[in-house]
Amino acid sequence: MISNNWHVENFSFALNELGSTAHGLPRAEALHRLKLHGPNEIAMRQRPSVFRRFLRQFHNILIYVLLVSALITVFLGQWVDSLVILGVVVLNAIFGFIQEDKAENAIDAIKNMLAPTANVIRDDRHFTVNARDLVVGDIVLIKSGDKVPADLRLMETKSLQIQESILTGESDVVNKNVDAVPVGAPLGDRFCMAYSGTAVTYGKGKGIVVATATATELGKISAMLGSVRTVATPLLRQMDSFGRWLTFVIFLLALLTFLIGIFLWDYSANQMFLSVVALAVAAIPEVLPPLLTIILAIGVTRMAKRNAIIRQLPAVETMGSVTTICTDKTGTLTRNEQTIRDIITAQEQYEVEDNREFIYSLSNAMKLSNGEELNAHGSLLLAITGAILCNDGSFFRDSEGAWVLRGDPVDRALLEIGVHTGIDLNFVQKNNPRLDLIPYESEHKFMATLHHLEEGAGGAIYIKGAPDQILTRCTFERIEGFDRLINVSYWQEKIDLFARQGYRIIAIARKKTLPEKVTLSFADVEHGLTLVAIFALIDAPRAEIAQAVEECFHARIKVKMITGDYAVTALTIASQVGIDSKTGVLTGNDLDAMSDEELANAVKMVNVYARTSPQHKLRLVKALQANGELVAMTGDGVNDAPALRRADIGVTMGHKGAELAKESADIVLADDNFATIVHAIEEGRVVYDNLKKVLLHVLPTNAAEGLVIVMAILFGVILPITPVQILWVNMITGVTMATSLGFEPAENNIMQRPPRNSKNSILSSLLIFRIFFVTLLLVASVFGIFIWQLKGGFELSVARTVAVNMLVLGEAIYLLNCRKLHSSVFNRHNFFDNPKFFLSLVATLLLQLIFTYVPTMQKFFGTAAIGGLDWLLIVLLASIVFAIVEMEKLISKKLRWLLW
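Cut-offs used in this document
- Residues numbered from 1 in each chain as written.
- Predicted model: local features only at pLDDT ≥ 70, side-chain atom pairs only at ≥ 80, totals over all residues.
- Heavy atoms only, no water.
- Helix = DSSP H or I, 4+ residues; strand = E, 2+ residues; numbered from the N terminus.
- Polar contact = N/O pair within 3.5 Å; in protein donor to acceptor, adjacent residues only side chain to side chain.
- Contact = heavy atoms within 4.5 Å.
- Pairing = 2+ DSSP bridges.
- Axes fitted to C-alpha atoms, helices over the stretch in contact; angles between N-to-C directions.
- Core = buried A, V, L, I, M, F, W, Y, C linked by side-chain atoms within 4.5 Å.
- Buried < 20%, exposed > 50% of the residue type's maximum accessible area, 1.4 Å probe, protein only.
- Salt bridge = Lys/Arg side-chain N within 4 Å of Asp/Glu carboxyl O.
- Parallel < 35°, antiparallel > 145°, perpendicular 65-115°, else oblique.
- Left-handed = near helix turned anticlockwise from the far one by under 90°.
- Phe/Tyr/Trp six-rings, centres within 6.5 Å; stacked < 30°, edge-to-face > 60°.
- pLDDT = per-residue confidence, 0-100.
- Nonpolar A, V, L, I, M, F, W, Y, C, P; charged D, E, K, R; others polar.

### Here's the deal with the side chain of Thr634
Note that Thr634 resides in strand 26 (residues 631–635). For Thr634, the side chain forms a polar contact with the main-chain nitrogen of Asp328, separated by 3.3 Å. In this view, Thr634 contacts Ile325, Cys326, Thr327, Asp328, Thr332, Leu644, Val651 and Ile677; residues no more than four positions away in its chain are not counted.

Listed below in C-alpha cells is the structure:
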C-alpha cells in the first residue's frame, strides 16, 4: 500500500492516493483490482497431510522406549503385554493428533469473524456485494448491526459507534468521526478508522477501503498466529531429556553386561542375549509414559471441578511452574461492564459498594438500602430518577421477577443503580411519560428527554451527557430540594478528581417546563438548566480479584496487567486489585520506542501496560520469556490470540472469551474468574509433585529389577528372578501402586513456596541419591533373601518366589515412603486423604497371593507356595527398608536446614 497511516491524513488524501472518488470506483476498475490483488479473505495455510501429522506424534524418545519394550515382549512371547504397550502408544498418538488439530483451528476461526456482505458504491450506484469482492478504493456504507467488511478510512459519520473489543479488548463502544489523529495514536484512539470484523452498534457511516484481506488489522493477527512459535512445556522438555538419558544408560549397561558374561564367565551368546533382554525388560520403565498421561488426566479432572478446563494435557503441570501472569484488564480483572462507583450532588458524595446493593453517604455513613430511606436524600433521588428517564436502555422482569437490563454499558449502569436502590423502573417511567427527545449524537455528546411529571407537577427536561457539555448549560445546582446558583469550581474539581483516576463521568441536569410543552428543541437545553449530580463510572474489578492477586504474591508469582485501556484507568484498577504499580505505567508508544533489550529490562520492574496492541502483547510475552520467566497469558479477545499462543500457558475466558481466543489457549476458565487461575496453579504444583513421587517410586524399583540381573551375571550366580516374573512385577506395580500416587493431595504450604525453576531437572540431586539408595536397599534385600533360601536347602522355585515377593512387598512399603517427598509420611492432616493408596496396597497383596498359591500361576510363572516364616522374613526386611528411607528423609531435612 502507498500508506499505512491512513488515520493521519484526511479522507480526501485517501481518495486521491487510492484513485477513487466519492462516487465509488468504476465496476471495471473494481474487477481489475480484484484480479490483481485477490479476494478480501484470509487465506488458509497449507497444512501437512493427516497421515504426516499423525506420524509426527510418534517422534518422542519415550514413545521409542515403549516401542522397544513392545518388541522385547514380542521376542519373549508375551503377546498380551506387547498389545497393551502398543495400545498405549497409539492412544497417546491419537490424543496428540487431536490436540494439534485443535490448535491449527485457531487460525481458521478468524474467517468466521469477517462480514459476509458489504454495501458498496460503484459507478455512483449502490450495490450489495460479497465482502470477499471488496477492493482497496471501494466506497463502503455501514450502519447499526453491520460488521465492518474491511479496514476503512471514514468519510462521513452520523452518530457512528463501533464496538472494537475484538481488537482492543476494551468493552466501551468507540464514537467515530472523520477527523485525522496523530501518527502515534494507538489503534483504540483512531476515531476516523473502522476496522474489519468490528461491529457497528449505533449510527451509520461511509468510508473508503484502505486495506483488505491479510493487510487489515484482523489479517495481521492471523499472520502473527501463523508465525508464532509455540513453546514446549517444561515437563515435555524435561521428560524428553530424561528419556534420552535413560535410554543411553540402559543401552550401555546392557552392552557391558553382555560383554562381561561372555568374556568373564564364558556364557554362550544365546544365554547372554536372553539375559540382556531380561535386563532391558526390567530396567525400561514401560509404565512411565502411560502413568504420566494418567497423572496429567487426574490433574485435568481436578481442575475441571474448580472450573479450569484444560485443552492441552501438559498444561496441567506447566501451570505449577508459572512465574508471571500477564493478565488483560477488561473482562478478566474487571466485570467487562460499566459500574457506577460514586454519585456526587451539590452537598454529598455517595459511594456505591462493590456488590452494588447499597449506597453510602460519605459524610454521615447513612445506609440507603430501600426507597423509603432514599427519599430523605432528595437530590440523589432526583438524579437516579433522571438517569432512569433520560435513558435508551430497555428493561423487563424475567419469569423469576428479576430485572433484565439491556442497552449500551452506560445506560445499563444507570438503570442498575435504580434497581439496587429499590426503585421500580416501570413505575418511574409510567408516571413520568416521555413526550419527546434529542437523541445522543457524537457531535453534541448529550441526550435530552421531555416528560410530563407525575401528579400534575408540570413537565421537565432531563439531560445527560459529557460533563463539559452539560456544565456550560447549567445556571443552577440542586440542593436540599431547591435550586441555587451553581458553584462551577466545586463541580469542576470533582470532575477533574475522578477523571484523573480513570473514571468515566456522566452529568445529569434538569429543567422544569410548562405542562403543555410537548416538543423538545436544542434551544430548550442551551441554558438555564439545574445540575443535579454527576455519576462516576468504571469497569470495576471483580470482588475476588484482590485476594487472588495476594495469593499470587505469597506464591512468588508476579502479576502484570496488559490492557488496551488508557493509562490512568489501568493504574486505578491495578491499585484496586493490589498489582504493584509504584513503577508507573508504560504505554504502547513507550514500547515502540524501546529496543528488545530495553524492553527486557523494563519488564523486570514495570507491572502495568496500557494502550497496547496485539504486537505489543506478543513482544511483552517474548521479553519476559527472554528473562527466563515462565509466562501465563490471560485474555478473552481476538487481539489476545497471538500472545496466548506464544505464552507458555494461554488462559482465556469461557463465557466472554472469543472463539479464536479459546482455540489459541491451553486453559479455558469456565467461570471467567481470575481466582480460578490461582487454583489451577495450585493443582499444577500438586501434579508436578505427584509426578516426582511416581518417578521416585518407578525408577528405583525398575532399577532394582535390572540390577538384580546385572549382579547375578557379575557374580556368576543364577538369576533370582526370571524375565517372565519381572514382567509380572512391572505390570502389577505400575498398574496398582504407582498410579495411586497421582491422587495424592497437596503437601503443606504448597502455595507458600516459590515456583520451581523450569530449567532444573525434574529430579534434584537429593532425589537422585534416594533413587540409588533405595535401589541398593531393594537389591540387597532380594539377593539376601534369595541366597538365604538357597543355603537353607529350599528349591529354586521357592527361593525365586520368596525373592519376587520380597521385591513386590519392598516396592509396596516404599510406596508409603513416596507419599511425602521430604517430610514424614505420618502426617495427621492428610494421611487418610488418599483412599486409593490403601486400595492399591490391598490389590497388590491379593495379586501376589494369587501369583504365589494358584496352581495355574505357579505353572505359568514358575512359582511355588511359601510358608508363614517366609512371609514374616519378607515383612521384616520390607519394614527395615521403610525405616531406613524415613531416616534418610529426616537426616536430609536436617542437613538442608543447617546448610540453609
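### Here we look at the sheet that holds strand 23 (residues 558–562)
Read from one edge to the other, the open sheet built from 8 strands follows the order 8-28-27-26-9-23-25-24, with strand pairing classed as mixed. At either end of the open sheet lies a strand with only one pairing partner, and these are strand 8 (308–310) and strand 24 (585–587). For this sheet, the mean angle separating the axes of adjacent strands, direction not counted, is 20 degrees. Of the pairings in the sheet, the one linking strand 9 (residues 324–327) to strand 26 comprises 4 bridges and is parallel in character. The partner of Cys326 across the bridge, within strand 26, is Met633. Contacts from helix 19 (residues 567–577) reach strand 23, strand 24 and strand 25 (608–610) within the one sheet, and its direction differs from that of strand 25 by about 150 degrees.

### Some thoughts on the nonpolar core
Judged by nonpolar contacts, the single largest core of 144 residues is most densely connected at Met319, Ile325, Leu531, Ile579, Ile667 and Phe674. In terms of residue count, the dominant contributor to this core is helix 25 (residues 674–714) (21 residues). Excluding residues within four positions of it along the chain, Met319 makes contact with Met303, Ile649, Ile667, Ile677, Ala680, Ile681 and Gly684. Listed in part, the 32 residues of the second largest apolar core include Ile343, Val428, Leu453 and Val532.

### A short note on the pattern of salt bridges
This model, assessed by the stated rule, comprises 25 salt bridges. Measuring nitrogen to oxygen at the nearest pair gives 2.1 Å for the salt bridge that ties Asp189 to Arg611. With Asp189 in the loop between strand 5 (174–175) and strand 6 (193–194) and Arg611 in the loop between strand 25 and helix 22 (614–626), this pair connects stretches of sequence that are 422 residues apart. Judged by relative accessible area, Asp189 falls into the buried class, the value being 15%. A salt bridge links Glu477 to Arg484, with the shortest nitrogen-to-oxygen separation between them at 2.7 Å. Salt bridges sharing common partners tie together Arg306, Glu682 and Glu683.

### Describing the packing of helix 27 (residues 765–791) against helix 28 (residues 796–818)
Between helix 27 and helix 28, the least distance of the axes is 8 Å, while the angle of their chain directions is 155 degrees. Compared by their axis directions, helix 27 and helix 28 come out roughly antiparallel. Viewed along their axes, helix 27 and helix 28 form a crossing whose handedness is right-handed. Contact residues: helix 27 offers Arg770, Val774, Leu778, Ser781, Val782, Ile785, Phe786, Gln789 and Leu790, while helix 28 offers Leu796, Val798, Ala799, Arg800, Val802, Ala803, Met806, Leu807, Gly810, Glu811 and Tyr814.

### Observations concerning the packing of aromatic side chains
Scanning the model with the defined rule gives 10 aromatic pairs in all. When the centroid spacing of 5.7 Å and the interplanar angle of 15 degrees are considered together, the rings of Phe769 and Phe773 count as stacked. Taken together, the positions of Phe769 and Phe773, both in helix 27 and 4 residues apart, correspond to about one turn of that helix. Among the residues examined, Phe769 registers a relative accessible area of 44% and is labelled partly exposed. Centre to centre, the rings of Phe851 and Phe861 are 5.3 Å apart; their planes meet at 55 degrees, and the pair counts as tilted. Taken together, the residues span a long stretch of sequence, with Phe851 in helix 29 (residues 835–853) and Phe861 in helix 30 (residues 855–861) at a distance of 10 residues. By the burial criterion, Phe851 is buried, and Phe861 matches it. Site record: aromatic cluster; members linked through ring pairs are Trp728, Phe851, Phe860 and Phe861.

### Some points on the pairing of strand 7 (residues 199–211)
For a regular strand, the rule is simple: side chains alternate between the two faces of the sheet. Where strand 3 (residues 139–143) and strand 7 come together, 5 bridges link them in antiparallel fashion. Each residue of the ladder has a partner; that of Ile139, found in strand 7, is Ile208. Across 10 bridges, strand 4 (residues 151–163) lies against strand 7 in antiparallel orientation. Note on strand 7: the bridge partner recorded for Arg153 is Ile208.

### Focus: the side chain of Thr563
As for its placement among the helices and strands, Thr563 is situated in the loop between strand 23 and helix 19. For Thr563, the residues in contact, after removing those within four places along its chain, are Glu170, Asp328, Lys329, Ala570, Tyr609, Ala610, Arg611 and Thr612.

### A word on the confidence of the model for the protein
In low-pLDDT regions, the fine details of the predicted coordinates are not to be read closely. When the pLDDT values of the protein are averaged, the result is 82; 83% of them are 70 or greater. Note on residues 106–113: pLDDT is under 50 here. Beyond four places in sequence and across chains, it has 29 contacts. Under a pLDDT of 50 for its full length, residues 362–367 has, in the predicted model, 14 contacts with residues more than four places off or in other chains.

### Observations regarding the packing of helix 13 (residues 378–389) against helix 14 (residues 409–420)
Relative to each other, helix 13 and helix 14 sit at 130 degrees, their axes nearing to 8 Å. In terms of orientation, helix 13 lies oblique with respect to helix 14. The element helix 13 and its partner helix 14 pack so that their crossing is left-handed. Where helix 13 abuts helix 14, its residues Ile384, Ala387 and Ile388 lie against Leu414, Leu415, Ile417 and Gly418. Partitioning the contact of helix 13 with helix 14 into residue classes produces 6 nonpolar, 1 polar and no charged.

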